[in-house]
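Tertiary structure, described
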Amino acid sequence: MARCRVITIGRQYGSGGREIGEKLAEKLGYTYYDTILLDKAAKDSGLTESIIARYDEKLADKWLNISLGMHGSDDIQKLPVPLRAVIGQFEAIRKIGQQGSAVIVGRCADHVLREDKNVLSVFIYAGLGQRIARVAERNDISRDEARKRIRNTDKKRAAYYEYYTDKEWGKSESYHLCIDSGFFGIDGTVEVLSACIQQQERKEDSQYK
């Protein structure tokens, strides 16, 4: 792996992946992309941000088996809205990858940028009990409701990821690094990831001395 310019973060719901991504980007001086991708994707696809959001990390029209990324801008306008939304996000991710110095959360970013040797793909997970407590407190809901949200959200994310990537969501073989935020804590996870990136950069620098 060459010098890390982009970190992609997949995450279980309630694992703190978004907060970790934000703090890691701030620590590294990188640009953070999560929901801001919706605006970029909307501009690329010609759809409104609300329509992009409707299909954000949700599988739709899966019977329409096309090769994403093989269509030019002229072709995109002829595709069904759900697929235009996905392609718009993927194209936005590719442009961000070319710019570098970014942390991108979710949206199959690791797969979209799989040919880029400067990308570190990470998956954040945590114990179910810890995630339930986090989701319940954050949203002021019962533990039972938090459990349902976790199950439904993870199911949707897994279906979306696995359909568009042909890889297994959350499985170690699908990423460079998987880390338990329940064990390390939010700030501890940021420190571990930062240390990994800095070590890789030192290794890269030493090769050119």
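Everything below is about the structure printed above this text.
What counts, and at which threshold
- Starting from 1, residues in each chain are numbered consecutively following that chain's sequence as written.
- pLDDT decides what is reported in this predicted model: residues at 70 or higher carry local features, side-chain atom pairs at 80 or more are listed and counted, and totals for whole chains, interfaces and linings draw on all residues regardless.
- Excluded from the side-chain calculation are hydrogens and water; included are all heavy atoms of the structure.
- Grouping buried Ala, Val, Leu, Ile, Met, Phe, Trp, Tyr and Cys residues that are joined through side-chain atoms within 4.5 Å yields what is termed a nonpolar core.
- Only protein chains enter the area calculation, which uses a 1.4 Å probe; residues under 20% of their type maximum are buried, those over 50% are exposed, and those in between are partly exposed.
- Helix and strand assignments come from DSSP, with helices taken as H or I runs of at least 4 residues and strands as E runs of at least 2, each series counted from the N terminus.
- Aromatic rings from Phe, Tyr and Trp, taking only the six-membered ring of Trp, are treated as a pair when their centres fall within 6.5 Å; an angle between ring planes under 30 degrees marks them as stacked, one over 60 as edge-to-face, and anything in between as tilted.
- Counted as a polar contact is a pair of N or O atoms within 3.5 Å, where, for protein atoms, one must be capable of donating a hydrogen and the other of accepting one, and residues adjacent in sequence contribute only when both atoms are in side chains.
- Throughout this description, the term salt bridge denotes a Lys or Arg side-chain nitrogen within 4 Å of a carboxyl oxygen of Asp or Glu.
- Contacts were defined at the residue level, with two residues in contact if any of their heavy atoms lie within 4.5 Å.

Let's shift gears to the nonpolar core. Residues Leu37, Phe90, Ile93, Ile104, Leu113 and Tyr164 are the most contacted members of the largest nonpolar core, which totals 23 residues. Of all the secondary structure elements, the ones that give two or more residues to this core are helix 5 (81-99), strand 3 (102-105), helix 6 (109-112), strand 4 (119-125) and helix 8 (143-165). Core analysis: the next-biggest nonpolar cluster, separate from the first, contains 17 residues, Ile9, Val122, Ile179 and Val190 among them.

Our focus in this paragraph is the packing of aromatic side chains. Tallied over the entire structure, the rule returns seven aromatic pairs. With 6.0 Å between their ring centres and 85° between their planes, Phe90 and Tyr164 make a pair best called edge-to-face. With a gap of 74 residues between them, Phe90 in helix 5 and Tyr164 in helix 8 connect regions that are remote in the sequence. Each member of the pair, Phe90 as well as Tyr164, is classed as buried. Site record: aromatic cluster; members linked through ring pairs are Phe90, Tyr160, Tyr163 and Tyr164.

This brings us to the side chain of Ser15. Structurally, the position occupied by Ser15 is in the loop between strand 1 (6-11) and helix 1 (17-28). Using a relative accessible area of 2% as the deciding quantity, one classes Ser15 as buried. Separated by 3.5 Å, the side chain of Ser15 and the backbone oxygen of Ile124 make a polar contact.

Before going further, it helps to examine the pattern of salt bridges. In this structure the tally under the stated criterion is 14 salt bridges. Close ionic contact of Asp154 with Arg131 constitutes a salt bridge, the shortest N to O distance being 2.8 Å. Here Asp154 is found in helix 8, whereas its partner Arg131 is found in helix 7 (residues 128-139), with 23 residues between them in sequence. On the basis of relative accessible area, Arg131 is assigned to the buried category, the value being 6%.

With that out of the way, let us pick up the side chain of Ser174. Structurally, Ser174 is set in the loop between helix 8 and strand 5 (177-180). A polar contact is formed between the side chain of Ser174 and the backbone oxygen of Glu168, at a distance of 2.8 Å. Setting aside its immediate chain neighbours within four residues, Ser174 contacts Asp110, Ser121, Tyr161, Lys167 and Glu168.

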